[in-house]
Each structure stands twice: as structure tokens, then as C-alpha cells.
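# A look at the structure
What follows is each chain in one-letter form.
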Amino acid sequence: MIPELGHFALILALVLSLVQAIVPLVGARRNSMALMAVGRPAAQGQFFFIVFSYVCLTWAFVTSDFSVQLAASNSHSATPIMYKITGVWGNHEGSLLLWAMSLSLWTVAVTVFSRHLPDAFLARVLGVLGMVSAGFISFTLVTSNPFERLLPAVADGRDLNPLLQDPGMIIHPPLLYMGYVGFSVAFAFAIAALMSGRLDAAWARWSRPWTTVAWVFLTAGIAVGSGWAYYELGWGGWWFWDPVENASFMPWLLGTALIHSLAVTEKRGAFRSWTVLLAIGAFSLSLLGTFLVRSGVITSVHAFATDPKRGLYILALLVIVIGFSLLLYALRAPRLAGGGSFSFVSRETSLLGNNVLLTVASASVLLGTLYPLFLDALNLGKISVGPPYFEAVFVPLMTPVVVLMMFGPFLRWKDDDLVAAARKVAPAFIASALIGFAVAWAVDHVTWRTVLGLFLAAWVVLASIQLLVGRLKERAGASAGSRLRSITASWWGMWLAHLGVGVFIIGVTLVGSLDQNLDVKMKEGQRAELAGYTFLFRGAVDADGPNYDAARGIIELSRDGRVLDTLTPEKRLYRAQGMPMTEASLDIGVFRDVYVSLGEQLPDGAWIVSLYYKPFISWIWMGCVLMGLGGLCAAADRRYRRLAAREAAAGAGQRVAASA
Amino acid sequence: MKAKFLVPLLLFFGLAGFLAFGLTLNPREVPSPLIDKPAPDFTLARLDEPAQTFSLKEMQGEVWLLNVWASWCVACREEHPLLVRMAEQKIVPVVGLNYKEVRGDGAINARGMAIEAETDMAIERARRWLRDHGNPYLLSVLDIDGRVGIDFGVYGVPETFLIDRSGRIRYKHIGPITPDALQNVLIPKIEELRRAG
Amino acid sequence: MPGDTLSAVLRRAALVGGAVAAVLLAGPVRAESTAPASTPALAPALAADPELEADAMELSHKLRCLVCQNQSIAESNAPLAVDLRNQVREQLAAGKSKDDVVDYLVERYGDFVLYEPPFKAVTVLLWLGPAALLLGGAGWLAFRLRRRRDEVAAEPSLSAADRARARALLESAAGNAQSESPESRS
């Protein structure tokens, strides 16, 4: 009964999404307040029914109702309760429902936080979001109904894929989807603005916090996913250039470009058509990512059961949404010329340069991801494009991005003098190059990659310090506290996020250059040495869990005779699927991780144990955290609220005038 | 309307066309680079007479199939009745390559097993399977460690190679042979190769 | 990376510290080897030859597992991946070069096994695409900026030179105080 209620609620949500898609748009066209006002309750009602539907599905998982096909395939009565709940999105149908729920949540957020928006504009935004939502809910209902019954019910389920039974997987998909889907708001704002022909600084200002928050979610989602791969896949890799990872990385790159482009559009009125195109592009890449993952055109470890009907449906959705947007763009963008003028050497130029680089990087990832498909479609053979390609392409593209990233903030808006600016940054730039060489030499790893990485990282850190000092000097005479307070949240946001990039580069470079690994055959009482650490194997014990059997190795980690930690890597066999899993054990530190995973037991009783020393790897995620914090700071800038209040007041005035 | 603003739309339509075409392709199928190349030579023990060996030379002048199989392979069971029917109708001689009979079976821990013991076990298992399901093969050979499989670029079982009179691989079928694939692909190709001499 | 540990690294980094030039003459400082105080027996390495193993694994990371599709044969534990890994190891041990091993696998499985696609006619667009995109982007940028500059020049306002002079005057008036405030000039 409950699954049927959930199904019914989803159908109601579809009806409401159609209402939300059509009525407010008609209202905006006819200038009818009554019709436009329908958008808000329709969006909120839709959210209610989707959540209700989602809860019903979760109920089937939690109560192990294996007459529901999805629960039978992705849950098991012995699965821990946490993974029963997360199992809901560990599959195609459930993850689509999560997608729809995220979209609905964003829409509701728009209805709540955008009271200051002009009515017609909000109506159009809600209409666009409603269309996307209707597309996805109907996709779920028509091709991938999560409430499908399985009659007769099976005695027990097949369990959730053990790879997904991990704390990282509890938060990774919701964060990632909130990020992916969050770009729909920027997209809807852009389309609404194109429809109304009003693409001005106000539009950019409205879009900015939404875009930034979505970007923060996406950053966090990608970082958590990478962290999950790092410890769950058992050998310490953290990024694989897998098509599914690329699918989340492309919108991130374009979203990053969008954030910066919006800043220019808001402050200087420039780049307007470009910003609109980026807003459309970022969301299009999110949709494309969903297509790649869900259609099975590119196989991947992540790809779940796929069928061509689904692929076709979602492709049709893609063509309608993106095709319509780009057509609208082609029709309306030519009117968008103008904006504040700026010269060759200006902050605008540096931002535009970085925008181009990020877009090229994103396009290159797309090219590498889809190239095998192109060749196959043209019957020119099958190839694989993997990490060596992406690394070869990516480093040269990102290096100028980082250099410009720290040079741009030293430039003035509109016009600056290249020589003067160069003189400002030269000392830090030269010092960074020296530091890059010196540190690479000190760690005895002078390769061009290490030197380059360290140089860039040093450049980011030094230039950040220089920027902050310069900023604090601005108000000579004021007290330190008031000087700090005078800095806006959005400036701090930029500063933190850019510094985060530096921290990230340090992690990537050092772990790439200096990590060490040793595979040993260990018997009880034996030790192994790696990177100055001693690993003493104290034997293996049984450590069966609720839905798996496991052997747990007990390994004492010490250094210079001092015991640091006891590591407990596990080798698990998940009963329902008969799937073996390695559960690595880590001693996490600021400057290094020690990572141990347990392999097979050999006939002579020894265990294969893989030992890894990963210097500075946590800096990768610390960098992501700083970027995310930076985004939050920027989104929380008081300016938006102040302007919002002012605009709300002005809007209220207009409304009074209109109704009078 | 300026044409340059249409560029993103056109690019997207091109992309969508490829994606639509991509939906019709099977990403799991990897074509073999060995097509039209001489089949890699091998000498392996025969399943029926383990003391004797078989090598490619013995099939010189024939158009024949090399079918990769194993008793643990579920899809082989699906394909087998068709092979048996083909043998009854004497469509084409089929040589079986029994692939990793013991160590390929996930249910058996073959680690540390002596090669003789493994071979004995493989013979016993393979013979029993052929007794139970019928033996459509001219003969089968034992690829205990899967080395010959690697030479043929085998990446899943079953796979079937069509080899011509001069010993060249002309076609590779991946996965179980379906009646449709037999009628519309394999038989026409076999007849063509026979006509070609 | 012979026997580097973090503290050794930091020690060396400290050495480098202020006197980069002086130390440069001295040549790289080697890591001090710390003798283990513990008595338990040393566990044998899995690989008989660790250097060979490192080479084999490095190569394996660049080869795609055909069964698992999006994993390298180094990461996967699928039977075929294990077989191919063993092949790589054996052939390297037999003295073959990495290129030989790659050729061996490509002959049998095709370019599909290579995570780094070879440069040939059908992959020209793949390998040159990013560079072409970059050139296109840079060209577009230059075009846009030139047009912008023309617009700026066409403006009846101050010329760039005038503005620079005005700014110089302002700056000299304000002493050395930084007049630039990056975000606040909205």
C-alpha cells in the first residue's frame, strides 16, 4: 500500500510540475498576476509530494519490503539501517528520484528566498524549473518507476553493492546532486532573463549567490567522492578520470568559470552574452553527465543496469532542454552587446582569459570522455582514453589558469598598466620559482612536474599573503580590527578559495611525487618497514559484520620505537552478492597518511598486506574545504541581503503602483 | 540574427547526433585486432586423449570454428544446444578451447594447486560436462592457464573464432552464438570462405 | 625516491631554509638511515624484485582491464586482469622492454587496452583537439579584446595615456598608500 501511495504522490508531483511549468509562463506573457502567483504554491506542493514519495520508497527499504523490486535488488534484511536508507539512491531509479527531489528543493528555496524578485521574472524562473522537473519526473515514471512491484516477493534482497556500503556514500550522492542540480537555478535565471530580454547587473547579482552555493555543493560532492575512492577502492588512488567522475568535473570547471564571469557582469556589465552561455553550459553539462551515467553509452564501474529506452528518453530530454535554450540564446544574445569598456590590461581581461582556459579545459575533458564514442560511431575502432591522456592535457591548461588566478586580483578593473602590475607581482613570482626548485631538490625529486607544482603552489600562497597585506594596508591608521572588518565577505571568499587551490596543488604534487608503496607477505609477529615506519603484524582475527564475513588484520604502526596507532584493515566477503571487498585502514595525519590494506591469505598462512605512505594527501581535501568555505563566504556576503532588501522595497512600491 | 550565436546550438546538435548513435552501440564489445591475421599457433593437450596434442596445422585446408568454453561459464550453457544442433547438421567443424577450467571457476580456490592435480581435475570436470550436455566438438583442447586464450585476445567466455583454410582468423563472435547470428552472419561467412577456396 | 621520509624531508627542507645558495654548492643531502630498533623478523616482500614490480605496476596502471571496462589491470582483481598483470610481470622479467609488452597486448586486444591512446590518424583530433581549442579560444579572446579596445578608444572620454597620468598624479598625492581595493570598486 505504501509503495502505491508513493507512486501516486509522484504522479501528483508530475501534475504539479506541469502546472508550475505552464501557468506562470502564460501569466508572465499575459501580465496576469493571478496566473503568475500559481508558480509558488505549485512548486511547494510539488516538493511536498516528491518528499512524500521519497519517504515511501525509503520506507520500503527500511522495512525490507521485498515485494518492491528496487528494494529486493538493492537491500537486504541484514543490511545496517544506515545503508538501507542510503540504498534508496544506490541505484538508477532511486537516484533519479533523488535528482528530482534535489531540483524540487532548489525550486522551493527559490520561492522562499527570492521574494524581492520582480513577479514576472520569478514566474519565468519557476516555469523553466518546472519544465526541467516535469521532464525528470516523467522520465522516472515512464522508464524507471522505483515503485515497481515484484510478485511474488522474494524471501530476501540481493543487498546494496558493497562498494556503496560506506560512510562516504551516505553524503556523496546528495551533495553531488545538490551541486549538479543547483546549476539549474542559474540556468533558469539565465533563461528567464533571455525571455524577458533583461540581462543586466541585477540579473547577475540575483544569480551569483545561487550559483556559488551550487558550486560549493558540487565541490564538496566531488571531494567526498574522491575521498571515498581513496580509502574504499583499496589502493590509495584519489582520482581516476573515470567518465562518471568527468561528468561531475566538467560542470565544476564551467561552473567555476560562471562564478567569475557573473562577477564581471555584475560589477562591470561586461561579458553578458558569454555569462548567459556559461550558465546554459554548466547546467547542460550536468544534464549531459546524467545522460552519460544513466544511458550506458559509456560503460563505467558506476554504471548500473541500463536500457536503451532510458537512454533515448533522457537524450530527448537533453535535446529539448538544451536545444531550446541555445536557440533562445541564438535569438536573443545578439542584442546583448555593450557593457562597461575595459582595456587590454585589466582585471576583466584576466578573468575573461581564465574563463576561456576553464572552458577549454572543460571541453577537453568532454572531448576525451566522448572521443571513444565518436570513433566507435564512425566505425573507426575502439580506443580507451584514460588518466595518461587527461593528465597530459590538463597540466598545461591549468598552469596558466593558476598563474592568472593570482595575477588577476592585482590588476585594476577597467584599465591598468602592465609594467606597474608586473612590478607588483614579480618578487613573489620569482621567489615562487626559486622555492619550487629548492623544495623539489630538498625532497630529491627534481622532475618538471614536481617543480612546476611546487612553484605554482608557492605562487598561490605568496601572492595570497601579498594580497592580504596589501588589502590591510589600505586603511593606514585604522586599528587592525577595523581593517579586518572592512574586508567584505566576498573578498575573503575569493581569497580563501584561491588559497585552497594552492593547498590542493601542494597535496597533488607531493603525493604524486613522494608516495611509497610496498606489498609484503606477513605472518603473525613479522614486521615490515616503509618510509621510516614499522608495521608489526599481530595476526588476523574474524570480524564478521551484519551482512558480511571478514578477516581483520591487526597491525601495529610505530616509528622510532614509539607506537603510533593500531591499524585494522579488513578483507570482507559480502554474503548476499558473494562480493569480496577490501576495507583499508588509515592513520591520517596532517603531513602524511599511512594506509594499509589487507589482501588474500596465502596457502602458507601468510597474508598479503599492501602498505602505502602518502605524504600530504589530506592537503588535497583541505584545499577543497578551503574552496568550499570560500564559496560559502562569498555567498554569505551582506551585500546580497542588503540589495535584496532594497529591491524588495522597490518591488513592493512598483506593485502598489501597478495595482493602483 | 548573427550567425555566430548559432554556433553553440549547431555544436550541440552534432553532439546529440553522436550520442543518439552511441545508444545503438554496445560498449562492452571490443573488436579483435586479429581479424584477417594468421591465428596464433598453439600446441595443447587434447581433452579426449590428454597424452596427444593438437595444433593449428591439423585444420589446414578447412574452414572451422574455434569455440572458447568452460564448464563454469553460464553463458556457454545457453549457447551449447545450438552448437550441438550445428554438429548434428554438420554445418562446420568446431574445435573447443577449454579455457581455465579450474582456475577460472570462482568457486574453486586453485591457488597453490599443483599443475598435474589441476589438469586432472580439469579433464574430469570438462568430460563430465560434455557427457551431460552433449559433445558438439570435433575435439577440445585444454588451456589450463589461459595463456592461449590471451594469445587469441579472449576476454570473456564464450567467444568463437572463424578460421579459414589458410589458418587466418576471419571473424570473431563475442558472447553466446544466437540462432540469428548463426543464420545471418556465421553461415554466410562460412559459405563465402568455402567458395573462396 | 630512495628512503625518503617526511622528517628527513623536513630536515632537508630546513637545511635548505635560508641559505639556498650555500647549500646548492654542497649537493643534495641524503636521507639519514635510521636503524630499526625492533626485533621481529622482516616480512618478505611480495615481489621478488621490487624494482621490476614497480615497473610492472606502473605499466599496469596504463592498461585497461577489458572485463571491468573502467579499471586498469593494476586496480582490478578480475581473473583476466590478474592474468594480464602476470604476463606484464613475466615479460618484463624476461628482459622485454615496456614497449614490447605494450605491443604484445595491443596485437591481441587492440588499442582498447591502452589508456593512453596512440597518436595516429584517427586520434589526431583527440590529441590536438585541446591545443586547437586553446588556440581558438585565445584567438577569440584577442579578437574580442581588440574590438573592446577600439570601443574604448572611440569613447570621447579620457585617453588611456591621460588616465594613466591622472592616476600617477593621484597616487603621488596619496603617497605610497595603495589606492587599489580589489573588490570594492564596484
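Our subject in this report is the structure included herewith. Here the residue index of a chain counts from 1 through its sequence in written order. For this description, chains carry letters from A and ligands carry numbers from 1, given in the order in which they are written. The predicted nature of this model means local features are confined to residues of pLDDT at least 70 and side-chain atom pairs, given and counted, to a pLDDT of 80 or more, with totals for whole chains, interfaces and linings taken over all residues.

### Some details on the overall build of chain C
Secondary structure summary: chain C contains 7 helices and 0 strands in total. In this description a helix means any DSSP run of H or I spanning at least four residues, a strand means any run of E spanning at least two, and both kinds are numbered starting from the N terminus. Taken from the N to the C terminus, the helices and strands of chain C come in the order α-α-α-α-α-α-α. Summarising the internal contacts of chain C: among those between residues at least 6 apart in sequence, 38% fall at separations of at least 24. Working definition of a contact: two residues with C-beta atoms, positioned from the backbone, lying within 7 Å.

### Re the interface of chain B and chain C
Every contact between the two is made by 13 residues of chain B and, on the other side, 12 residues of chain C. Of the residues that constitute the side of chain B that touches chain C, the class distribution is 6 nonpolar, 5 polar and 2 charged. Residues were grouped as follows: Ala, Val, Leu, Ile, Met, Phe, Trp, Tyr, Cys and Pro as nonpolar; Asp, Glu, Lys and Arg as charged; and all remaining residues, including Gly, as polar.

### Observations regarding the sheet that holds strand E8 (residues 585-588) of chain A
Residue and element names in this part refer to chain A. Strand order across the open sheet formed by 4 strands is E1-E10-E9-E8, with antiparallel pairing between neighbours. Looking along the sheet, the strands with just one partner apiece sit at the ends: strand E1 (516-522) and E8. Across this sheet, the average inter-strand angle for adjacent strands is 15°, counted without regard to direction. With 8 bridges connecting them, strand E9 (residues 592-601) and strand E10 (residues 607-615) associate as antiparallel partners. Its bridge partner being in E10, leucine 598 is matched across the sheet by valine 609. Any two strands are treated as partners once DSSP identifies two or more bridges connecting them. Only C-alpha atoms enter the line fits that serve as axes; for helices the fit covers just the stretch in contact. Angles between N-to-C directions range over 0 to 180 degrees.

### Quick word on the nonpolar core
By definition, a nonpolar core groups buried Ala, Val, Leu, Ile, Met, Phe, Trp, Tyr and Cys residues that connect through C-beta atoms lying within 7 Å of each other. Residues with at least 20 neighbouring C-beta atoms inside 10 Å of their own are called buried, those with 12 or fewer are called exposed, and the rest are partly exposed, where every C-beta is derived from the backbone. Ranked by internal contacts, the top residues of the largest apolar core, which has 299 residues, are A:Val125, A:Ala186, A:Phe189, A:Ala190, A:Ala279 and A:Val460. Residues in contact with A:Val125, not counting those within four places in the same chain, are A:Val110, A:Ala188, A:Phe189 and A:Ala192.

### Some points on helix H1 (residues 2-30) of chain A
The first and last C-alpha atoms of H1(A) sit 42 Å apart over 29 residues, in line with the 42 Å expected at 1.5 Å per residue. One or two steps after H1(A), the chain reaches A:Asn31, where phi turns positive at roughly 60°. A helix is expected to reach a length of 1.5 Å times the quantity of its residues less one.

### Brief notes about the packing of helix H16 (residues 448-473) of chain A against helix H18 (residues 489-514) of chain A
Residues and elements named next belong to chain A. H18 packs onto H16 with a crossing angle of 155° between their chain directions and a minimal axis gap of 9 Å. As summarised for this structure, H16 and H18 are arranged roughly antiparallel, according to the angle between their axes. Crossing of H16 over H18 shows left-handed handedness. Contact residues: H16 offers Thr450, Gly453, Leu454, Leu456, Ala457, Val460, Val461, Ser464, Leu467 and Leu468, while H18 offers Trp495, His498, Leu499, Val501, Gly502, Ile505, Ile506, Val508, Thr509 and Ser513. By residue class, the composition of the contact of H16 with H18 is 13 nonpolar, 7 polar and no charged. Note on terminology: angles under 35 degrees are roughly parallel, angles over 145 are roughly antiparallel, angles of 65 to 115 are roughly perpendicular, and the others are oblique. We call a crossing left-handed when the near helix sits turned anticlockwise from the far one by less than a right angle, and right-handed when that turn is clockwise.

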